[in-house]
Amino acid sequence: MTALSLTVNGTVRTVDVSPWKRLLDVLREDLALTGTKEGCGEGECGACTVLLDGAPVCACLVIVGQAADRAVTTVEGLADGPILHAVQRELVVRGGAQCGICTPGIAVCAAAVVDRGVIHGDDARAQVRQLLAGNICRCTGYQLIVDAVCAAAASVAKDGAA
């Protein structure tokens, strides 16, 4: 066991774990952040996507030692207290979340891109579909998810804040 520090959702957290333990397991088991889901355990489905220093990664493929002294953002960290991130809000409003397994990974991945303001123009829907290519959803057929992310991107572009 090793004491490792990482910044999770803006708070420095220290965990006493093997540095070889998966980041996904540390988040869920040691830090009780169960929003991040395990789908495939092989980095193929995107359900466990978190941001590591602002970049989307599959937490099932990252060992916690790689996250030491770095910033991790989970789906819980997207909201500002009770105020949901624009992507979270639009997923709810537009029915883009059904069973909930893929939703956290999609929300985290989409929020990272929406916050950078890179989804815009006539091909926004195509941009979102490309963005979501690494996230598998078995319930919605993606249309409502694409609608939600496009709406969130438009909202952030208009208001300037997620």
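Above this text sits the structure in question.
Residues numbered from 1 in each chain as written. Predicted model: local features only at pLDDT ≥ 70, side-chain atom pairs only at ≥ 80, totals over all residues. Heavy atoms only, no water.

**Comments concerning the side chain of Thr74**
Phase 1 of the analysis: With respect to the secondary-structure elements, Thr74 resides in the loop between strand 5 (71-73) and helix 3 (86-93).
Phase 2 of the analysis: Here Thr74 falls in the buried class, since its relative accessible area comes to 0%.
Phase 3 of the analysis: For Thr74, the side chain forms a polar contact with the side chain of Glu76, separated by 2.6 Å.
Phase 4 of the analysis: Residue contacts for Thr74: discarding those within four places in its chain leaves Val8, Asn9, Leu27, Leu33, Thr36, Val50 and Val108. (Helix = DSSP H or I, 4+ residues; strand = E, 2+ residues; numbered from the N terminus. Buried < 20%, exposed > 50% of the residue type's maximum accessible area, 1.4 Å probe, protein only. Polar contact = N/O pair within 3.5 Å; in protein donor to acceptor, adjacent residues only side chain to side chain. Contact = heavy atoms within 4.5 Å.)

**A closer look at the pairing of strand 3 (residues 49-52)**
Phase 1 of the analysis: Both faces of strand 3 are covered, namely the face carrying Thr49 and Leu51 and the face carrying Val50 and Leu52.
Phase 2 of the analysis: For strand 3 and strand 4 (residues 55-58), the ladder comprises 4 bridges, and the chain directions are antiparallel. Each bridged residue has a counterpart across the sheet, and for Val50 the counterpart in strand 4 is Val57.
Phase 3 of the analysis: Sheet analysis places strand 3 next to strand 5, joined by 2 bridges and oriented antiparallel. From the neighbouring strand, Leu52 faces strand 5, where its bridge partner is Val72. (Pairing = 2+ DSSP bridges.)

**Remarks on the pattern of salt bridges**
Phase 1 of the analysis: Scanning the entire structure with this criterion turns up 7 salt bridges.
Phase 2 of the analysis: Put simply, Lys21 and Glu29 hold a salt bridge, and the shortest N to O gap is 3.3 Å.
Phase 3 of the analysis: Judged by its relative accessible area of 24%, Lys21 is partly exposed.
Phase 4 of the analysis: Under the relative-accessibility criterion, Glu29 is labelled exposed at 56%.
Phase 5 of the analysis: Between Arg94 and Glu90 there is a salt bridge, and its shortest N-O distance comes to 2.7 Å.
Phase 6 of the analysis: Classification of Arg94 by relative accessible area gives partly exposed; the value is 40%. (Salt bridge = Lys/Arg side-chain N within 4 Å of Asp/Glu carboxyl O.)

**Here's the deal with the side chain of Asn135**
Phase 1 of the analysis: Within the secondary structure, Asn135 sits in the loop between helix 5 (124-131) and helix 6 (143-159).
Phase 2 of the analysis: Relative accessible area serves as the criterion here: at 3%, Asn135 is assigned to the buried category.
Phase 3 of the analysis: Among all residues touching Asn135, those that are not within four sequence positions of it are Cys45, Gly46, Thr49, Gly105, Ile106, Cys109 and Tyr142.

**A look at the sheet that holds strand 3**
Phase 1 of the analysis: If you trace the 5 strands from one edge of the open sheet to the other, you get 2-1-5-3-4, paired in mixed fashion. Whereas interior strands pair on both sides, the edge strands pair on one side only; in this sheet they are strand 2 (11-17) and strand 4. Recorded for the sheet is a direction-independent mean angle of 40° between the axes of neighbouring strands.
Phase 2 of the analysis: Pairing geometry for strand 1 (residues 2-8) and strand 2, over 7 bridges, is antiparallel. Looking at strand 2, one finds that Val8 is bridged to Thr11.
Phase 3 of the analysis: Relative to the sheet, helix 1 (residues 23-30) contacts strand 1, strand 2, strand 3 and strand 5, its axis offset from that of strand 2 by approximately 100°.
Phase 4 of the analysis: Relative to the sheet, helix 4 (residues 103-116) contacts strand 3, strand 4 and strand 5, its axis offset from that of strand 3 by approximately 35°. (Axes fitted to C-alpha atoms, helices over the stretch in contact; angles between N-to-C directions.)

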